[in-house]
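Listed below are the residues making up each chain.
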Amino acid sequence: MKYQNFFSVFILFLTTFLFVVILLPQSSYAAYINASAESSISAGDISIINIYLNTEGQEINSLEGTISLSDNRDSNFEVKDISLVNSVFSMWPRKPSLTTGHNITFIGGVPGGVKGDRLLIFSAFVKINSPGSFVISPRVITAYKNDGLATAISITKDISTINVSSAGSSQKNAVEEVISNDNIAPDPSNVS
């Protein structure tokens, strides 16, 4: 009798284990957000920092969240502008905007969904005034699958650190460079 109970418990355990391992869908990798500078940064430069999404093979149609910016010098930096040029998202219920505490909050979407490993969300033009480390930290981020059910996807909070060197002999201004390189006339159908 003792062995029969043990055997019944063992069969129940084995059946449950096989159900979980074989019959349930395999878990997918979490998507993640990271950031990188377009070029090396020296103190005093106005530089472009791009915020990217990697969907890890999953198709998503919206993303919302908050990204925190910080440095090692008690916030000795300024966010000059935020750009949506070349963003993978075309609909913005809440465009990326600076909130208190050097946070950028946003809600973006794209009809039909997207997937990829280096999808541009937005770019920030930042003037970092002191050498050291500049840190971009996703805080509260949620992505939603393009499945018609708004199924949430886990987002890994990948902290990105950018090294800022001492001030160079001349300061770079990425905003002026972008404007001076813009030689495409606006589409007349979009001008009001």
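Everything discussed here concerns the structure shown above.
Chains are numbered independently. Their residues run from 1 in the order of the written sequence. Selection of residues for local features in this predicted model requires a pLDDT of at least 70, selection of side-chain atom pairs for listing and counting requires 80 or more, and totals for whole chains, interfaces and linings are taken over all residues. Note: side-chain values were computed over all heavy atoms of the structure, leaving out hydrogens and water.

Engineer: So what about the overall build of the protein? Which residues, and what values?
Structural biologist: Each helix corresponds to a stretch of at least 4 residues labelled H or I by DSSP, and each strand to a stretch of at least 2 residues labelled E; elements are numbered beginning at the N terminus. Regarding its fold elements, the protein presents two helices and twelve strands. Counting from the amino terminus, the protein carries its helices and strands in the arrangement α-β-β-β-β-β-β-β-β-β-β-β-β-α. Expressed as a percentage of the 192 residues in the protein, the buried residues total 35%. Contact criterion: two residues are considered in contact whenever any of their non-hydrogen atoms come within 4.5 Å of each other. Taking all contacts inside the protein whose residues are at least 6 apart in sequence as the whole, residues at least 24 apart take part in 74%. Methods summary: accessible areas were calculated by the Shrake-Rupley approach with a probe of 1.4 Å, and residue burial reflects only the protein chains presented. Here the protein has roughly 11,700 Å² of accessible surface; of this, 55% comes from carbon and sulfur atoms. Only protein chains enter the calculation, and the probe is 1.4 Å; a residue is then buried if its accessible area is under 20% of its type maximum, exposed if over 50%, and partly exposed in between.

Engineer: Can you lay out the sheet that holds strand E5 (residues 77-83) for me, pointing to particular residues and giving the numbers?
Structural biologist: The five strands lie next to each other as E5-E8-E3-E1-E11, forming an open sheet whose pairing is mixed. Either end of the sheet is taken by a strand with one partner, and the two such strands are E5 and strand E11 (155-157). Across the sheet, the mean angle from the axis of one strand to that of its neighbour is 30 degrees, orientation sign disregarded. Here, any two strands with at least 2 DSSP bridges between them count as paired. The pairing of strand E1 (residues 31-37) with E11 spans three bridges and is classified as parallel. Across the sheet, residue tyrosine 32 finds its bridge partner in E11, namely threonine 156. Whenever a helix is involved, its axis is fitted only over the stretch in contact; in every case the axis is a line through C-alpha atoms, and angles between N-to-C directions fall within 0 to 180 degrees.

Engineer: Can you tell me about unusual backbone geometry, naming the residues and giving the values?
Structural biologist: One non-glycine residue with positive phi stands out, namely glutamate 56, at about 50 degrees. Mapping glutamate 56 onto the fold places it in the loop between strand E3 (46-54) and strand E4 (60-71). A positive phi angle, close to 70 degrees, is found at asparagine 86, a residue other than glycine. Among the secondary structure elements, asparagine 86 is positioned in the loop between E5 and strand E6 (91-99).

Engineer: Outline the packing of aromatic side chains, supporting the account with residue identities and numerical values.
Structural biologist: Any two of the Phe, Tyr and Trp rings considered here, Trp counted by its six-membered ring, make a pair once their centres fall within 6.5 Å; the pair's planes then place it as stacked at under 30 degrees, edge-to-face at over 60, or tilted in between. Applying the stated rule across the entire model yields three aromatic pairs. Aromatic pair phenylalanine 89 and tryptophan 92: ring centres 5.9 Å apart, planes at 75 degrees, arrangement edge-to-face. The exposure class assigned to phenylalanine 89 is buried, which follows from its relative accessible area of 4%. Given the relative accessible area of 15%, tryptophan 92 is considered buried. Each ring, one from phenylalanine 106 and one from phenylalanine 122, has its centre 5.6 Å from the other, and the planes form 65 degrees; the classification is edge-to-face. Taken as a pair, phenylalanine 106 in strand E7 (residues 103-114) and phenylalanine 122 in strand E8 (residues 119-128) lie far apart in primary sequence, 16 residues in all. Both residues of the pair, phenylalanine 106 and phenylalanine 122, count as buried.

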